Amino acid sequence: MKIVSAHVGTIPIRSSMRNAYIDFSKMDSSILALVSDVIVDGKPLVGYGFNSNGRYNASHIIEDRLLPRLFAAAPAELHNDSGEFSPSLAWDVMMRNEKPGGHGERSVAVGVVDMALHDLVTKAAGVPLYRWISDHYGDGHPDDSVFVYAAGGYYAPGKTLTDLQDEMRRFLDSGYNVVKMKIGGTDLTEDLKRIDAVIEVLDGDGSRLAVDVNGKFDLSTALEYAQAIEPYHLFWYEEVGDPLDYSLNATLAEHYPHPIATGENLFSVQDARNLLRYGGMRPDRDYIQVDPALSYGLVEYLRVQEALKQHGWSSKRCIPHGGHQFSLHIAAALHLGGNESYPGEFQPTGGFTDDAVIRDSHVSPGELPGIGLEGKAEFYRHLHALHE
Ligand SMILES: [Mg+2]
């Protein structure tokens, strides 16, 4: 298989909401179409990729560094011994002449291309991505469906407690059992009122509510909130301090007995391993949220899984950030604990296929070949326009 052309674009995925750290008014995403020389039903097979929300487009890195390296590579450098195009070998080619460390936007750019390559090879194989991953890297027995929770509860101008409760009721009505809200964007007193309001909607059951600080707190605020929310037995307390402040996280874990989740802003196996080594994370209760789309794609995520295994962690402790169709396939294939979901947000890239049904907080990736972005009509319109 040969890639005959690549088409990069940038689209807005903006929203009026904000968390404790940023607003999303200028959020955007790279989108990529890789057109191959494989012809099916008279049309070339095309692989699509995009970047997950939370980081901005990385289109220039894709165009200036990654794609030129792929196009300059000899066919033998991109194909394995069985003659199959290998996203893993392509990953090595893309990372030529890149120094270690400083992952940032580069990991986003590689993630976009890695996703498009996996979409392409699985379409060429005629199978959904989850099936291909399970056969190549898993146990051959993927999960039928994946646990998903509804992430929302953002701060927004004029948003009242009643609005917040109505939002959470909509999540429950659409099939979710577990919901998440933002905290840390106001003071503790106000946040506790917001938490109480949401738990009321959850029939008083705090274990169905996760709270997310988006890395805002210093240690004393982290501990002050920990003490205040401990009686609620929340589903998890997320990204409490700076994502790279492993010491803060470790101290928090000593004082907070319930689950902690973090990792959505760790973009490499090295960073994830440091979290396991130094972050005080507890394999019996805590959650790792590394988002494959932001952190060098599936090739690197498999290395993260290997590092977890070496440290005695189960893949069940992973629930990736992002709420997108790519991670959903990975979760089903590798028996992850679940996947995030942002109902109605970060469109058109976010969410699952248009016909996906959430039932009892579970959803299936579907049976379309590849990632199945053709099953997201509005998004597919943008992707298709890249190369038509
Ligand atoms: Mg988060």
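The protein is annotated in an unreviewed UniProt entry as Mandelate racemase of Ancrocorticia populi.

Draft legend 1. Here's a closer look at the coordination of the magnesium ion. Binding of the magnesium ion to the protein goes through Asp-212 (OD), Glu-238 (OE) and Glu-264 (OE), at separations of 2.0 to 2.2 Å. Look at where the donors of the magnesium ion fall in the sequence and you get D-x25-E-x25-E. Of this pair, Asp-212 sits in strand β6 (residues 209-212) while Glu-264 sits in the loop between β8 (260-262) and α10 (269-278); the two residues are 52 residues apart in sequence, bridging distant segments of the chain. Take Asp-212 and Glu-264: they sit in the same class, and that class is buried.

Draft legend 2. Looking closely at the nonpolar core. In terms of nonpolar packing, the biggest core is built from 110 residues, with Met-181, Ile-183, Leu-209, Val-211, Tyr-237 and Ile-288 touching the most fellow members. Per-element tally for this core: the top contributor is helix α4 (residues 104-125), with 10 residues. Of the residues that make up this core, three or more belong to each of domain 1 (3-126) and domain 2 (137-385). Core analysis: the second largest hydrophobic core is formed by 17 residues, Ile-13, Tyr-149, Tyr-287 and Tyr-342 among them.

Draft legend 3. The sheet that holds strand β1 (residues 3-12), seen in detail. Taking strand neighbours across the sheet as the criterion, the three strands line up as β1-β2-β3 in an open arrangement whose pairing is antiparallel. The open sheet has two edge strands with one neighbour each: β1 and β3 (43-50). Between one strand axis and the next, the sheet turns through 25° on average, direction left out of account. Relative to β3, strand β2 (residues 28-40) runs antiparallel, the two being bridged by seven bridges. Counted as the bridge partner of Ile-39 is Pro-44 from β3. This element, helix α1 (residues 59-72), spans β1 and β2 of the sheet and lies at about 170° to β1. Running over the sheet, α4 touches β1, β2 and β3 and is turned about 145° from β3.

Draft legend 4. View of the UniProt feature "binding site: substrate" (unreviewed entry) in the protein. Listed under "binding site: substrate" (unreviewed entry) in the UniProt record, and renumbered for this structure, are Asn-19, Asn-53, Lys-99, Tyr-154, Lys-180, Glu-238, Glu-264 and His-321. Over a stretch of 303 residues, the named residues are scattered through the fold, their C-alpha atoms separated by up to 37.0 Å. Among the structural elements, Tyr-154 can be located in the loop between β4 (146-151) and α6 (161-173). Residue classification places Glu-238 among the buried residues on the basis of a relative accessible area of 0%. Residues in contact with Glu-238, not counting those within four places in the same chain, are Tyr-149, Lys-180, Val-211, Asp-212, Val-213, Asn-214, Ala-261, Glu-264 and Gln-289.

Draft legend 5. How the structure looks around the UniProt feature "domain: Mandelate racemase/muconate lactonizing enzyme C-terminal" (unreviewed entry) in the protein. According to UniProt, the positions carrying the feature "domain: Mandelate racemase/muconate lactonizing enzyme C-terminal" (unreviewed entry) are residues 161-259. Between the end C-alpha atoms of residues 161-259 there is a gap of 26 Å, over a span that is 48% helix and 11% strand.

Draft legend 6. Examining the domain arrangement of the protein more closely. By domain assignment, the protein separates into domain 1 (3-126) and domain 2 (137-385). Just the C-alpha atoms count here: the centres of domain 1 and domain 2 sit 23 Å apart. If you look at the interface, domain 1 gives 40 residues, while domain 2 gives 47 residues. Between domain 1 and domain 2 the total buried area reaches about 3,600 Å² when both faces are included, carbon and sulfur atoms providing 66% of it. Linking domain 1 with domain 2 are one salt bridge, by the criterion used here. In this structure, the salt-bridge partner of Glu-374 is Lys-123, at a minimum N-O distance of 2.6 Å. Counting the contacts that link domain 1 with domain 2 gives 15 residue pairs in polar contact (both at pLDDT 80 or more). With 13 residues, the single largest contributor to the side of domain 1 that touches domain 2 is α4.

Thresholds applied
Residues numbered from 1 in each chain as written. Predicted model: local features only at pLDDT ≥ 70, side-chain atom pairs only at ≥ 80, totals over all residues. Heavy atoms only, no water. Donors = N, O, S within 2.8 Å, 3.2 Å for Na, K, Ca; no water. Helix = DSSP H or I, 4+ residues; strand = E, 2+ residues; numbered from the N terminus. Buried < 20%, exposed > 50% of the residue type's maximum accessible area, 1.4 Å probe, protein only. Core = buried A, V, L, I, M, F, W, Y, C linked by side-chain atoms within 4.5 Å. Domains from an automatic or database assignment. Pairing = 2+ DSSP bridges. Axes fitted to C-alpha atoms, helices over the stretch in contact; angles between N-to-C directions. Contact = heavy atoms within 4.5 Å. UniProt positions renumbered as here; feature names shortened; annotations may be inferred. Buried area = accessible area lost by both parts, 1.4 Å probe. Salt bridge = Lys/Arg side-chain N within 4 Å of Asp/Glu carboxyl O. Polar contact = N/O pair within 3.5 Å; in protein donor to acceptor, adjacent residues only side chain to side chain.

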